[in-house]
Amino acid sequence: MSRSTPRLAEAMQVEACPVTEVLDHVAGKWSIGILIAVAHGPLRFTEIERAVGGISRRMLTLNLRRLERDGLLVRTVYPTVPPKVEYDLTPMARELYASLTGLVDWAERHRSAIARARAAYDTTEQRTADAV
């Protein structure tokens with residue numbers, strides 16, 4: 001093995017780390033819902049909270065901060081009393097939204113096939129567990 005191989009592996013890991021981190025943020029349970037909700041126009045915190053059912057205020061806050069940090073959301077604060085804050089997608093996030101809707105469409109088209117595959121797998125797993 002050459003001396004450059006460890007350096008190459010290290011360089012690849014350093015470059016891949018932000019990509020993996022961003023994908024973890026974007027693929028998270030709540031992030032997809034937030035991005036889809038905000039894709040329909042700028043929304044305030046409480047509007048996003050209502051659109052993404054089941055999310056706690058803390059989780060919403062954390063996810064909004066992560067998405068903003070990753071350059072996917074823009075947070076605009078209006079100088080009013082009380083302050084008005086809106087979130088909107090960046091151009092980069094609009095591009096991502098096209099991919100997300102493709103994924104959602106795929107999941108909808110294959111929902112029944114996935115359910116059948118899971119049922120078949122679970123039946124086989126149960127028989128295997130019973131046999132042991």
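Residues numbered from 1 in each chain as written. Predicted model: local features only at pLDDT ≥ 70, side-chain atom pairs only at ≥ 80, totals over all residues. Heavy atoms only, no water.

This part is about the pairing of strand S2 (residues 73-78). Look at any regular strand and the pattern is simple: side chains alternate between the two faces of the sheet. Two strands pair when backbone bridges link them, and S2 and strand S3 (residues 84-89) are joined in this way by six bridges, in the antiparallel orientation. Paired with valine 74 across the two strands is aspartate 88, which belongs to S3. (Pairing = 2+ DSSP bridges. Helix = DSSP H or I, 4+ residues; strand = E, 2+ residues; numbered from the N terminus.)

Let us look at the packing of aromatic side chains. Here the distance between the centres and the angle between the planes together describe a pair of aromatic rings. Applying the stated criterion across every chain yields a total of zero aromatic pairs. Above the ring of tyrosine 78, the side-chain terminus of lysine 84 is found at 5.3 Å from the ring centroid. (Phe/Tyr/Trp six-rings, centres within 6.5 Å; stacked < 30°, edge-to-face > 60°. Lys NZ or Arg CZ within 6 Å of the ring centre and 35° of its normal.)

A separate point is the packing of helix H2 (residues 29-38) against helix H5 (residues 91-109). Here H2 crosses H5 at 115°, and the two axes come no closer than 10 Å. The orientation of H2 with respect to H5, classified from their angle, is roughly perpendicular. When the axes of H2 and H5 are compared, the crossing they make is left-handed. Of H5, the residues touching H2 (which contributes Ile32, Leu35 and Ile36) are Leu96, Tyr97, Leu100 and Val104. Here the residues of the contact of H2 with H5 sort into seven nonpolar, no polar and no charged. (Axes fitted to C-alpha atoms, helices over the stretch in contact; angles between N-to-C directions. Parallel < 35°, antiparallel > 145°, perpendicular 65-115°, else oblique. Left-handed = near helix turned anticlockwise from the far one by under 90°. Contact = heavy atoms within 4.5 Å. Nonpolar A, V, L, I, M, F, W, Y, C, P; charged D, E, K, R; others polar.)

On to unusual backbone geometry. If a residue is not glycine, its phi is most likely negative; likewise, a peptide bond is most likely trans. Following valine 81, the chain continues to proline 82 via a peptide bond in cis, the omega torsion being -5°. By secondary structure assignment, the location of proline 82 is in the loop between S2 and S3.

In this section: the pattern of salt bridges. Inspection of the entire model under this criterion finds four salt bridges. Here glutamate 49 makes a salt bridge to arginine 57, at a shortest N to O gap of 3.2 Å. For arginine 57, a relative accessible area of 47% translates into the label partly exposed. Where glutamate 108 meets arginine 111, a salt bridge forms, and the shortest distance between an N and an O atom there is 2.1 Å. (Salt bridge = Lys/Arg side-chain N within 4 Å of Asp/Glu carboxyl O. Buried < 20%, exposed > 50% of the residue type's maximum accessible area, 1.4 Å probe, protein only.)

Looking now at the packing of H2 against helix H4 (residues 57-69). Running from N to C, H2 and H4 cross one another at 70°; their axes reach a closest spacing of 10 Å. Relative to H4, H2 is oriented roughly perpendicular. On H4, the residues that touch Trp30, Ser31, Ile34 and Leu35 of H2 are Met59, Leu60, Asn63, Leu64 and Leu67. The residue makeup of the contact of H2 with H4, split by class, is seven nonpolar, two polar and no charged.

With two bridges joining them, strand S1 (residues 43-44) and S3 adopt antiparallel strand pairing. Opposite arginine 44, over in S3, you have glutamate 86 as the bridge partner. Joining the antiparallel neighbours S2 and S3 is a turn of five residues.

Right, let's talk about the confidence of the model for the protein chain for a bit. When pLDDT is averaged along the protein chain, the result is 87; 87% of the residues meet or exceed 70. Ranking the elements of the protein chain by mean pLDDT puts helix H1 (residues 4-26) last with 68 and S1 first with 98. (pLDDT = per-residue confidence, 0-100.)

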